[in-house]
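# Structural overview for review
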Amino acid sequence: MTDIILLSDHRVAATRVADNGEPLVDTRRTAALRVDARKADEDGSYAHVRADVLRRLLVAQGALPPGLRLLLVEGFRPPGLQRRYFEEYSATLRAADPAASPARVRELASAYVSPPEVAPHVSGGAVDLTLCAEDGTELPLGTEVNATPEESAGACRTAADTVGAVARAHRAVLGRAMTAAGFVNYPTEWWHWSYGDRYWALLSGAPAAPYGPTERSRT
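Attention in this report is confined to the structure presented alongside it. (Residues numbered from 1 in each chain as written. Predicted model: local features only at pLDDT ≥ 70, side-chain atom pairs only at ≥ 80, totals over all residues. Heavy atoms only, no water.)

Turning our attention to the packing of aromatic side chains. Counted by the stated rule, this structure contains five aromatic pairs. Taking the centre distance of 5.5 Å and the plane angle of 85 degrees together, the rings of W190 and W191 count as edge-to-face. Take W190 and W191: they sit in the same class, and that class is buried. Considering the side-chain rings of Y195 and Y211, the 6.2 Å spacing of their centres and the 70 degrees angle between planes classify their relative orientation as edge-to-face. Of this pair, Y195 sits in the loop between β7 (192-194) and α8 (198-204) while Y211 sits in the segment after α8, and the two are 16 residues apart along the sequence. Looking at Y211, the relative accessible area reads 2%, which means it is buried. Taken together, the aromatic side chains of F183, Y195, W200 and Y211 make up a single cluster linked through ring pairs. Stacked on the ring of Y195, the Lys or Arg R56 has its end atom at 3.9 Å from the ring centre. (Phe/Tyr/Trp six-rings, centres within 6.5 Å; stacked < 30°, edge-to-face > 60°. Buried < 20%, exposed > 50% of the residue type's maximum accessible area, 1.4 Å probe, protein only. Helix = DSSP H or I, 4+ residues; strand = E, 2+ residues; numbered from the N terminus. Lys NZ or Arg CZ within 6 Å of the ring centre and 35° of its normal.)

Approximately 240 Å³ is the volume attributed to the second largest pocket. Lining the second largest pocket are 19 residues, and of these R77, Y85, Y112, V113 and N146 lie nearest its centre. Among the secondary structure elements, those contributing two or more residues to the lining of the second largest pocket are α3 (79-96) and α5 (120-123). Looking at the lining of the second largest pocket element by element, the count peaks at four residues for α3. (1 Å grid on protein atoms, 1.4 Å probe; cavity = no way out; pocket = protein on both sides within 12 Å on 5 of 7 lines; lining within 4 Å. Points joined across faces, edges and corners; volume = space filled by probe spheres on them.)

On to α3, then. The end-to-end C-alpha distance of α3, which contains 18 residues, comes to 26 Å, matching closely the 26 Å that a straight helix rising 1.5 Å per residue would cover. If you check which residues of α3 are buried, you get P79, L81, Q82, F86, Y89, S90 and L93. The buried residues of α3 all sit within an arc of 165 degrees when viewed along its axis, so they share a single face. Where the residues of α3 are buried, they touch α4 (102-109), α5 and α6 (149-152). (Expected span 1.5 Å × (residues − 1). Arc of directions from axis to C-beta. Contact = heavy atoms within 4.5 Å.)

The contact between α3 and α4 brings their axes to 9 Å, and the two run at 120 degrees. Taken together, the axes of α3 and α4 lie oblique to each other. Crossing handedness for the pair α3 and α4: right-handed. Side by side, α3 and α4 meet where F86, Y89, S90, L93 and R94 of the first sit next to V105, R106, L108 and A109 of the second. Considering only residue class, the contact of α3 with α4 consists of six nonpolar, one polar and two charged. (Axes fitted to C-alpha atoms, helices over the stretch in contact; angles between N-to-C directions. Parallel < 35°, antiparallel > 145°, perpendicular 65-115°, else oblique. Left-handed = near helix turned anticlockwise from the far one by under 90°. Nonpolar A, V, L, I, M, F, W, Y, C, P; charged D, E, K, R; others polar.)

Written out as C-alpha cells, the structure is:
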C-alpha cells in the first residue's frame, strides 16, 4: 500500500506557492450546487471557494450518476479559525498521551486538522463534501463528515476496509467524479478534496501551487 503523505510532511511546506490572485466566490449563489449549513460561520466564509474550484465542483457533479449530487459542507476557512482547530485538537491529543513529543503530536494532529501554515482550506482550494440524493438526503459513506480517527476507529480514512460495501461504493463514486475534475484527496479523510493548494501541487507534480493562504475581500 502506498504510504500516506500527511500535511505535516516537510515536502508540503517546501512546495512553492505562486498565488494567481483568483478570488473567492460564494457557492450559495450557484443553484446547481447544494451547500450544507452545519459548518456555517457568521460571515459565510465556509461557503466560499476559489472561482476555478467552484467550476471544477460543477464538473465533478456533472460526472455523478443520475440522481446523485454533491453536498458541500465547508470550503474556505479563515486562518484564525484554522489555527484554533489545530491547537484544540493538538491539546486533546497531548492530554491523551502526555509523553508524546511535540513532533509526534503535530504528526498525529495533521491526520485530522492541517497545520495552519500549509492548510488547504486556508487557501480556498479545499472542500469537505459528501454525496446526497436529489432531495438532499445524505448517502451513507461509512462515517460522518469530519469524524475523527479516534471516534471512527480509523474508518475516516478513504481506503478503510472496515466500512461496508455500500459505503465503499459511494466513496468510489465520489472519488471518480472528484478526480476527473482535477481534485486530489487527503487519504485520512474521505470527504476532503482540494485543488490548487500546496498538497495538490505536491501530489500532482505541479511546479507551484496557484493558491496560497488568502483572505476574503470585504468590498
